[in-house]
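# Summary of structural features
So you can see what is in the structure, the chains are spelled out below.
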Amino acid sequence: MVAGAAFPAGDCWLARARVPDRLLDASTRDALAPAAPGLRAVSLRVQGGRITALASAVGPDGLPVVDLADGIVTSCWVDLHTHLDKSHTATRIGRSHHTLRDAVAASGEDRDRWTADDIRRRMDFALRTAHAQGTRAIRTHIDWVGASTPLAWSVAQSLRGEWSPRIELQPTSLSPLPLFADADASAAVAAAVAEQGGVLGASVHPVPGQRSLLERVFELAVAHDLDLDFHADEHLQNDIEGLRTIARLTARHGWEGRVACGHACALSVVPVDACASVLRALADAGIVLMGLPLANLQLQDGGPGRTPRLRGIAPLLEARDLGVQVGLASDNVQDAFVPMADFDLLQVLAIASLTAHLDDPLARWIDSITTTPATAMGLAWDGRLRVGAPADLVLLAGRNSFEACGRPQRRVLRGGRPIDTALPDFRELDDTTTTAG
Ligand SMILES: [Zn+2]
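Note that the coordinates shown come from a computational prediction; the quantities given were computed from them, not determined experimentally.

Further remarks concern the packing of helix H6 (residues 183–195) against helix H7 (residues 210–224). Between H6 and H7, the shortest axis-to-axis distance is 10 Å and the interhelical angle comes to 35°. Between H6 and H7 lies a crossing of right-handed hand. Across the interface between the two elements, Ser186, Ala187, Ala190, Ala191 and Ala194 of H6 pack against Arg216, Leu220 and His224 of H7. Of the residues assigned to the contact of H6 with H7, the class counts are five nonpolar, two polar and one charged.

Following this line, the structure appears as structure tokens:
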């Protein structure tokens, strides 16, 4: 579209858009002409905040027309894996870290500053940023290391109410797997998460008793009817027992469609046959595999004074070929884990394309930041563009993946109206970088 083009005050046609095939129902797709591989030429009518027509040309109803000049249109984005409790602490932490262990230690030291006001201001800044970027829903992990409810969880719950429906916020507990050896503490976590409409999560690394600990997680999930979200095998050891066990338990408990696994870096280093067998198990169990390229690039294969050789990204191409649902997400933003990021899923898509060789990501992988995470979150709208769907749209200036990812200009419509896409100024948080709590 023409950058800065004025929008009509009310209902209108969005003419000459390109919409990815993956965001269209089959019947709609088949009725529209291809504009390029994986993209259809569409004019969308927006009335009363909703899409009321997807047509090959503007209809004769006299509504104002906005000419998008072949720019790509997607539904607003869904960020299924973030850490809002830690976001925007990078400046006060003050330096980059290149291993997961170092980042965990630095983040732990920062925790002394986590007052309710500090957390709220950083989370709100993150939500305003994500909203301006074009995101409509976020799942955030919240560190949960004992029986009692963390302060950050309570703050997130408060913001959840304030931000709905601009952003649907879904908190997920993130506990180290060994916490589930404590029957009372783990029961308290699951009960609190269930009571407050959250998701149960754990960080799964190779630890003694891993299988029985994971069984405990699933028992609690079933008992409390909870979806599950794991940080799974985020390392480069030849050990994917965590993923294998999660897949097995998902099938055994009939929890298909209710489990997400993030990272799975170890899949990038294990023998090909072992990798394929676990990917098939993830596909059969309906597990969403979340690729998190920014964190992997920052934290895998790092060490003092050496350039990392391995990328750590899960084998996303092979996963999809074997039938796994694949998503992409921000993960950490502006913290000890990923100091340089901005809750921009278009940037994530571009970096994923470079890291994992996801060719033509707007046409071929747009579902990874829209429909796949929306379904995993159980959102009311799956993100496909159809008659009756909300006109919550990202209008990209780019006409193809090269232009859209290389120069990520956009406008964002919510309920058919443009929102302010100016990003909040980091200077707003200056006093949080200098004042210890
Ligand atoms: Zn994470």
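The next subject is the domain arrangement of the protein. The domain architecture assigned to the protein consists of domain 1 (12–75 + 383–418) and domain 2 (77–377). Relative to domain 2, the C-alpha centre of domain 1 lies at a distance of 30 Å. For the side of domain 1 that touches domain 2, the secondary-structure elements that each account for two or more residues are strand E6 (73–75), helix H15 (401–406) and strand E16 (410–414). Among the elements that make up the side of domain 1 that touches domain 2, the one with the highest residue count is H15 (three residues). Residues that form the side of domain 1 that touches domain 2 fall into these classes: 10 nonpolar, five polar and four charged.

Spatially, E6-E15-E16-E17 is the arrangement adopted by the four strands of the open sheet, whose pairing is antiparallel. At either margin of the open sheet sits one strand with a lone partner, and together these are E6 and strand E17 (417–418). When E16 meets E17, the two strands line up antiparallel, connected through two bridges. Along E17, the bridge assignment pairs arginine 414 with arginine 417.

Here the focus is the nonpolar core. Core analysis: the largest hydrophobic core is formed by 130 residues, its most contacted members being Val217, Cys261, Leu289 and Leu349. The dominant element in this core, judged by the number of residues it contributes, is helix H12 (residues 345–356), at eight residues. Here this core spans two domains, and each of domain 1 (12–75 + 383–418) and domain 2 (77–377) adds at least three residues to it. When near neighbours in sequence (up to four residues on either side) are disregarded, valine 217 contacts Phe180, Leu200, Ala202 and Leu228.

In this section: the packing of helix H4 (residues 116–133) against helix H5 (residues 151–163). It is at 10 Å that the axes of H4 and H5 come closest, and there the two elements cross at 45°. Relative to H5, the element H4 lies oblique. The handedness of the crossing between H4 and H5 is right-handed. Here Ala116, Ile119, Arg120, Met123, Asp124 and Leu127 of H4 lie close against H5, whose contacting residues are Leu151, Ala152, Val155, Ala156, Leu159 and Trp163. Grouping the amino acids of the contact of H4 with H5 by side-chain chemistry returns 10 nonpolar, no polar and two charged.

A few words now on the environment of proline 424. Along the chain, proline 424 falls in the loop between E17 and helix H16 (430–434). Residues within four places of proline 424 in sequence aside, it is in contact with Phe125, Arg128 and Thr129.

Reading the values: rules and limits
Residues numbered from 1 in each chain as written. Predicted model: local features only at pLDDT ≥ 70, side-chain atom pairs only at ≥ 80, totals over all residues. Axes fitted to C-alpha atoms, helices over the stretch in contact; angles between N-to-C directions. Helix = DSSP H or I, 4+ residues; strand = E, 2+ residues; numbered from the N terminus. Left-handed = near helix turned anticlockwise from the far one by under 90°. Contact = placed C-beta atoms within 7 Å. Nonpolar A, V, L, I, M, F, W, Y, C, P; charged D, E, K, R; others polar. Domains from an automatic or database assignment. Pairing = 2+ DSSP bridges. Core = buried A, V, L, I, M, F, W, Y, C linked by C-beta atoms within 7 Å. Buried ≥ 20, exposed ≤ 12 C-beta atoms within 10 Å, placed from the backbone. Parallel < 35°, antiparallel > 145°, perpendicular 65-115°, else oblique.

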